[in-house]
Amino acid sequence: KAGVTQTPRYLIKTRGQQVTLSCSPISGHRSVSWYQQTPGQGLQFLFEYFSETQRNKGNFPGRFSGRQFSNSRSEMNVSTLELGDSALYLCASSLSVSSEQYFGPGTRLTVT
Amino acid sequence: AQSVTQPDIHITVSEGASLELRCNYSYGATPYLFWYVQSPGQGLQLLLKYFSGDTLVQGIKGFEAEFKRSQSSFNLRKPSVHWSDAAEYFCAVGLSTSGTYKYIFGTGTRLKVLA
């Protein structure tokens, strides 16, 4: 069974631009979560989707948004990029909300 | 507030030596417990999990972890470390709070293995 895939793997953007990251969960998994990982802040939870509904949201500004499609694939969008948004963005999928999460390889976003 | 503590930021061991990585959590009930490993530039790989039952859990790559309710701990162990185990290790808990379910990750322990 294929794992969690994330595209693109690497991205370089300029301040003020916007970016969309994509995540395809493991087949059959209906829950998708997004995390931001930086050396200083560690793993920080962004949001979680289950059956196309956002069920949980972390403490991030409204510039960070996401959605989930009927096939469970998910996207997250960051608008008006700031230098501090440079990070590894990780997507994780799970069968249900309370089962173990499986992570993708991440998207490395660099904002210049 | 719920939290996960990994008190050791860095640990260095010699190849072949035993390893124990510490994890403590703060939560009123018993959460679901996980250990993940992350190699540089990669995502997190699930090593093992504890939901209930036997408090000694076996995982992949020869790792095991023991849940101790009295100490609110879930320490990760390996009897003999290999050079390929050098990575960052994260402890995580899954818990229900305020009608939602969430995961909390520790800040990680970076393992260095000496040849």
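This text goes with the structure placed above it.
Given the structure is predicted, the values throughout are model-derived calculations rather than measurements.

1. Focus on the overall build of chain A
At step 1: Across its full length, chain A carries zero helices and eleven strands.
At step 2: In chain A, the succession of helices and strands from N to C terminus is β-β-β-β-β-β-β-β-β-β-β.
At step 3: If you line up chain A on its principal axes, its C-alpha atoms span 35 × 25 × 25 Å.
At step 4: The burial tally for chain A puts 53% of its 112 residues in the buried class.
At step 5: Considering only residue pairs separated by 6 or more positions, chain A has 54% of its internal contacts joining residues 24 or more positions apart.
At step 6: With the model as given, the accessible surface of chain A reaches about 5,200 Å², and the carbon-plus-sulfur share is 48%.

2. Considerations on the state of the cysteines
All names here are of chain A.
At step 1: Counting across every chain of the model gives two disulfides over all chains.
At step 2: Each disulfide pairs two cysteine sulfurs, and for Cys 23 the partner residue is Cys 91, the sulfurs being separated by 1.7 Å. Judged by the torsion about the S-S bond (-55°), the Cys 23/Cys 91 disulfide is left-handed. Remark: Cys 91 occurs in strand S9 (residues 87-94) and Cys 23 occurs in strand S3 (residues 19-24); sequence separation between them is 68 residues.

3. Looking at the packing of aromatic side chains
All names here are of chain A.
At step 1: In the structure shown here, the tally under the stated rule is 18 aromatic pairs over all chains.
At step 2: Seen in terms of ring centroids, Tyr 35 and Phe 103 are 5.6 Å apart; in terms of plane orientation they differ by 40°. Their pairing is tilted. Note that Tyr 35 is positioned in strand S4 (residues 31-38) and Phe 103 in strand S10 (residues 102-103), a separation of 68 residues in sequence. Each of the two residues, Tyr 35 as well as Phe 103, counts as buried.

4. Brief notes about the interface of chain A and chain B
At step 1: Each partner contributes residues to the interface: chain A has 18 residues there, and chain B has 17 residues.
At step 2: In this assembly, chain A packs against chain B so that about 1,500 Å² is buried in total across both faces, 54% of it on carbon and sulfur atoms.
At step 3: Among the residues of chain A in contact with chain B, Leu43(A), Glu100(A) and Phe103(A) are the three that bury the most area, contributing 31% of the side total.
At step 4: Applying the counting rule to chain A against chain B returns one salt bridge.
At step 5: Across the salt bridge formed by Lys49(B) and Glu100(A), the nearest N and O atoms sit 2.6 Å from each other.
At step 6: At the boundary of chain A with chain B, the tally comes to five residue pairs in polar contact (both at pLDDT 80 or more).
At step 7: Looking at the side of chain A that touches chain B, the elements that each hand over two or more residues are S4, strand S5 (42-50), strand S6 (53-57), S9 and S10 of chain A.
At step 8: Each residue belonging to the side of chain A that touches chain B can be placed in one class, and the counts come to eight nonpolar, six polar and four charged.

5. A word on unusual backbone geometry
All names here are of chain A.
At step 1: Cis geometry is found at the peptide bond from Thr 7 to Pro 8, where omega equals -10°.
At step 2: Along the chain, Pro 8 falls in the loop between strand S1 (5-7) and strand S2 (10-13).
At step 3: Of note in the backbone geometry, Glu 52 takes a positive phi value of approximately 70° without being a glycine.
At step 4: Although it is not a glycine, Thr 80 sits at a positive phi angle of roughly 45°.

6. Overview of the pattern of salt bridges
At step 1: Summed over all chains, the structure comprises ten salt bridges over all chains.
At step 2: Lys78(B) serves as the salt-bridge partner of Asp85(B), at 2.8 Å between the closest nitrogen and oxygen.

Parameters and conventions
- Residues numbered from 1 in each chain as written.
- Chains lettered and ligands numbered in written order.
- Predicted model: local features only at pLDDT ≥ 70, side-chain atom pairs only at ≥ 80, totals over all residues.
- Heavy atoms only, no water.
- Helix = DSSP H or I, 4+ residues; strand = E, 2+ residues; numbered from the N terminus.
- Buried < 20%, exposed > 50% of the residue type's maximum accessible area, 1.4 Å probe, protein only.
- Contact = heavy atoms within 4.5 Å.
- Areas by Shrake-Rupley, 256 points an atom, 1.4 Å probe, with all protein chains shown as cover.
- Disulfide = S-S within 2.5 Å.
- Phe/Tyr/Trp six-rings, centres within 6.5 Å; stacked < 30°, edge-to-face > 60°.
- Buried area = accessible area lost by both parts, 1.4 Å probe.
- Salt bridge = Lys/Arg side-chain N within 4 Å of Asp/Glu carboxyl O.
- Polar contact = N/O pair within 3.5 Å; in protein donor to acceptor, adjacent residues only side chain to side chain.
- Nonpolar A, V, L, I, M, F, W, Y, C, P; charged D, E, K, R; others polar.

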